[in-house]
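# A closer look at the structure
One letter stands for each residue in the lines below.
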Amino acid sequence: MLEKLIWIGCLSYFVIGLAHVVLGSILPVLLQHYDRSYSAGGELIFSQFAGFLAGVLVSPLLNRRFGKRGGILIATGLLFCAEIAYAFLPPWGWMYVIAVAAGFGFGMIEAVIGTIIIAAVTEGTAVAMSRLEVLFGVGALLMPLAASPLIAAGQWRLAFLIVAACSLLSLLFWAKSRFGPLDSALNERPARPDRAAAAEAGTTRRLSLPYKGKQWVVLGLFILFFFLYVGTEMSLVNFMPAIFIAKLGMSEAAAALTVTFFWLAMSAGRLFAGVIAEKISYRIYVLVSCFAALLLLVIFPFAGHRLAAFAIILLLGLFMSGIFSIALVFSSKLLPGAEESTPSIMIASGGIGGAVLPLLTGWSMDHMQIAQTSGLLAAFAALLFLLSVTAWRIG
């Protein structure tokens, strides 16, 4: 039953992968349709990840009210509705509202499933999380692959309907599947304390946090780490086509495939990330991966040929492939006793980074040269490497 839970979780992560990159895959033509700048595109991505953050933060409340399965059903249903709304191409102002709803949906899905897997899988946790991340990567690479011919045919809005259809399939699986003894944990709705008990224990309970002493330093370190990592990754996947169009003069349909190459390498790397990390240790894996990402982003502005640029993108995807999942497990292992809260905090931190850094990247696309925008991404990676060095010393 645990294996069944993991595979349905993989389906949900596949949907999240689609939803994460659908905007970036069609962003140039979407902005052209609305006659908007890349700064506006950054604002749209900011709105989506603001919703993502809200979904992560609100997920514990909805889980207590409806159970974890109920929370996943609500979030998946919201994502389905948002993607349908995207496809109608409403007035630009409404796109921000829809982006918030979509982000809320896939943010909550990611937080709930990540928490379930880390709590349920006691051995080989990194392998289980890597399996989820592989399906995330598959979704993220297939979306731009599908978007490219849709853009060429002038039917790019159908990309949103692909995400909606997969969301509906995931919704049906979660609604109809049974997981034996795990069902009680998925459907559990913790009883609310009565008002008298709440009044008596209120202050103590509010201050009863699972982190103590030096754990707060570790928590702060990984909050910054996930902020930078997810922000850098989302800046890459959402603006990579635009960077290739401006840097190498590629067509919009061909540039959309750059994201596919990136996620193809991501997915391939995630097949082995968990096994490698278990063998060489989480801290060494994270350190080496961050150093390689920094080196590649420093080299990228000097790649003047398409083949060289694509090679760097492939290597970048390969080395960044396991950072998120392995760092998530790494942080949870360094903070024992807080396995229920740490994944949600880290995913929320990533959500903030995924909102703020693409906003900054979108601004740089409008006001700076492409080489300077690439340098900004390298600066993000440099900070990420410094944090990984600190984590390596702690771990």
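Residues numbered from 1 in each chain as written. Predicted model: local features only at pLDDT ≥ 70, side-chain atom pairs only at ≥ 80, totals over all residues. Heavy atoms only, no water.

### Quick look at the environment of Val138
Heads up, the rule is: By the criteria applied, helices consist of DSSP H or I runs no shorter than four residues and strands consist of E runs no shorter than two, each listed in order from the N terminus.
In this fold, Val138 is placed in helix H4 (residues 125–152). Sequence-wise, Val138 and Phe14 are 124 residues apart; in three dimensions their C-alpha atoms are separated by 6.5 Å.

### So, the nonpolar core
Selection rule: What is meant by a nonpolar core is a set of buried Ala, Val, Leu, Ile, Met, Phe, Trp, Tyr and Cys residues, joined one to another through side-chain atoms within 4.5 Å. Exposure categories follow from relative accessible area, calculated using a 1.4 Å probe and restricted to protein chains: below 20% of the type maximum is buried, above 50% is exposed, and the middle band is partly exposed. Every residue pair with non-hydrogen atoms within 4.5 Å of one another is taken to be in contact.
Counting residues in each nonpolar core, the largest one holds 136 residues, and the members touching the most others are Phe222, Phe225, Tyr229, Phe244, Phe262, Trp263 and Met320. For this core, the element with the highest residue contribution is helix H1 (residues 2–34), accounting for 19 residues. When sequence neighbours within four positions are dropped, the list of residues in contact with Phe222 reads Ala327, Phe330, Ser331, Leu334, Met346 and Ala391.

### Examining the side chain of Ser47
Here Ser47 is to be found in helix H2 (residues 38–87). Here Ser47 falls in the buried class, since its relative accessible area comes to 11%. Ignoring any residue separated from it by four or fewer positions in sequence, one finds Ser47 in contact with Tyr96, Ala99 and Val100.

### Side note on the environment of Leu2
For Leu2, the location among the structural elements is in helix H1. Taking the C-alpha atoms as reference, Leu2 lies 7.3 Å from Phe179; in sequence the two are 177 residues apart.

### A short note on the environment of Phe272
Position of Phe272 relative to the elements: it lies in helix H9 (residues 252–280). The exposure class of Phe272 is exposed, given its relative accessible area of 52%.

### Points about the confidence of the model for the protein
Definition in use: Note on scores: pLDDT gives the predictor's confidence for each residue, bounded by 0 and 100.
When the pLDDT values of the protein are averaged, the result is 84; 90% of them are 70 or greater. Confidence over residues 193–207 falls short of pLDDT 50; this stretch has one contact with residues more than four positions distant or in other chains.

### Thoughts on the side chain of Ser331
The residue Ser331 is located in helix H12 (residues 323–334) in this model. On the accessibility criterion, Ser331 (0% relative accessible area) is buried.

### A word on unusual backbone geometry
Non-glycine residue Leu89 carries a positive phi angle of around 50 degrees. In this structure, Leu89 sits in the loop between H2 and helix H3 (92–120). Positive phi, close to 95 degrees, is recorded for Ser281, a residue that is not glycine. For Ser281, the location among the structural elements is in the loop between H9 and helix H10 (282–299). Take Ser281: its relative accessible area is 26%, and that puts it in the partly exposed class.

### Considering the packing of H1 against helix H5 (residues 158–176)
The condition that has to hold: Axis lines are fitted through C-alpha atoms, for helices just across the contact stretch, and the angle between N-to-C directions can take any value from 0 to 180 degrees. With respect to orientation, any angle under 35 degrees is reported as roughly parallel, any angle over 145 as roughly antiparallel, any angle of 65 to 115 as roughly perpendicular, and every other angle as oblique. Left-handed describes a crossing whose near helix is turned anticlockwise from the far helix through less than a right angle; right-handed describes the clockwise counterpart.
In the contact formed by H1 and H5, the axes pass within 10 Å of each other and the chain directions differ by 165 degrees. Considering their axes alone, H1 and H5 lie roughly antiparallel with respect to each other. Seen from above, H1 lies across H5 with left-handed handedness. In contact with Leu5, Ile8, Gly9, Leu11, Ser12, Phe14, Val15, Leu18, Ala19, Val22, Leu23 and Ile26 of H1, H5 contributes Ala159, Phe160, Val163, Cys166, Ser167, Leu169, Ser170, Phe173 and Trp174.

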